[in-house]
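Single-letter residue listing:
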Amino acid sequence: MDKIKSSYEIAMERAKKLSEEDEMSEEKSKNIEIREELKPLMSKYFREKIDAEELWEKLKDKSDDYLAKAQELIIESLGLRTSDEIFSKRKEGILAIENLKNSPSSSIIEQILSKLNQVENQYQQKREQMEEQFKERMEQQAEMQMKPVQTEDGQTVMKLDSGVDRETQQQMKQQLAQLEEQSEQMFNSLVEDLKNNL
């Protein structure tokens, strides 16, 4: 049989819940404060005014929580269309900051970053292949749609009739959207994994 809670027990549960919510909002507020404090420094890093070594130097006396927020800002700047050069620089920054921590997890972080880079590269390669295939299809259809047309002066010339059919264009858009969606899901999953290991 269920026990009926006294008003004291109910009040204590509510107080505990409010206390937990206050702790969460304090932590969230602290995180926002740290991120705001980091923005000018990270902005310099992103604009390549400072490199990973200088970033390391500026952060060397900070707490692990502070360092993790700096890493999160770098991670959040990565995406599927990040060039290899920029990715490499961001990776350097993340690993430089990781080495400042009391108990760094550099090897795990590096493995996840490598997987992220693989997903990016696979996405780019597949996208380029699909675009090339589409371009070839367009050229084939264009060749097939060359039609003889008589001009006003009686000459017959070849004229290119309206381009690629709508179905082919729609199919290409759907394939690209599907590729991007799948790649984004893998990428975001790895980003979350990376953040969980900071």
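About the thresholds
- Residues numbered from 1 in each chain as written.
- Predicted model: local features only at pLDDT ≥ 70, side-chain atom pairs only at ≥ 80, totals over all residues.
- Heavy atoms only, no water.
- Axes fitted to C-alpha atoms, helices over the stretch in contact; angles between N-to-C directions.
- Helix = DSSP H or I, 4+ residues; strand = E, 2+ residues; numbered from the N terminus.
- Parallel < 35°, antiparallel > 145°, perpendicular 65-115°, else oblique.
- Left-handed = near helix turned anticlockwise from the far one by under 90°.
- Contact = heavy atoms within 4.5 Å.
- Nonpolar A, V, L, I, M, F, W, Y, C, P; charged D, E, K, R; others polar.
- Phe/Tyr/Trp six-rings, centres within 6.5 Å; stacked < 30°, edge-to-face > 60°.
- Buried < 20%, exposed > 50% of the residue type's maximum accessible area, 1.4 Å probe, protein only.
- Lys NZ or Arg CZ within 6 Å of the ring centre and 35° of its normal.

What is the right way to read the packing of helix 2 (residues 52-59) against helix 4 (residues 84-98) from this model?
Taken N-terminus to C-terminus, the directions of helix 2 and helix 4 make an angle of 30°; their axes are 9 Å apart at the nearest point. On the basis of the axis angle, helix 2 is roughly parallel to helix 4. Viewed along their axes, helix 2 and helix 4 form a crossing whose handedness is right-handed. Contact residues: Ala52, Leu55, Trp56 and Leu59 in helix 2; Glu92, Gly93, Ala96 and Ile97 in helix 4. Its residues assigned to classes, the contact of helix 2 with helix 4 comprises six nonpolar, one polar and one charged.

Can you help me understand the packing of aromatic side chains in this one?
How two aromatic rings sit relative to each other is set out by the distance from centre to centre and by the angle between their planes. A full pass over the atoms with the stated rule returns one aromatic pair. Residues tyrosine 45 and phenylalanine 46 carry aromatic rings whose centres are separated by 6.1 Å and whose planes lie at 55° to one another, so their mutual orientation is tilted. Residue class for tyrosine 45 comes out buried when judged on its relative accessible area of 4%. One Lys or Arg, lysine 62, reaches over the ring of tyrosine 66 and ends 4.8 Å from the middle of that ring.

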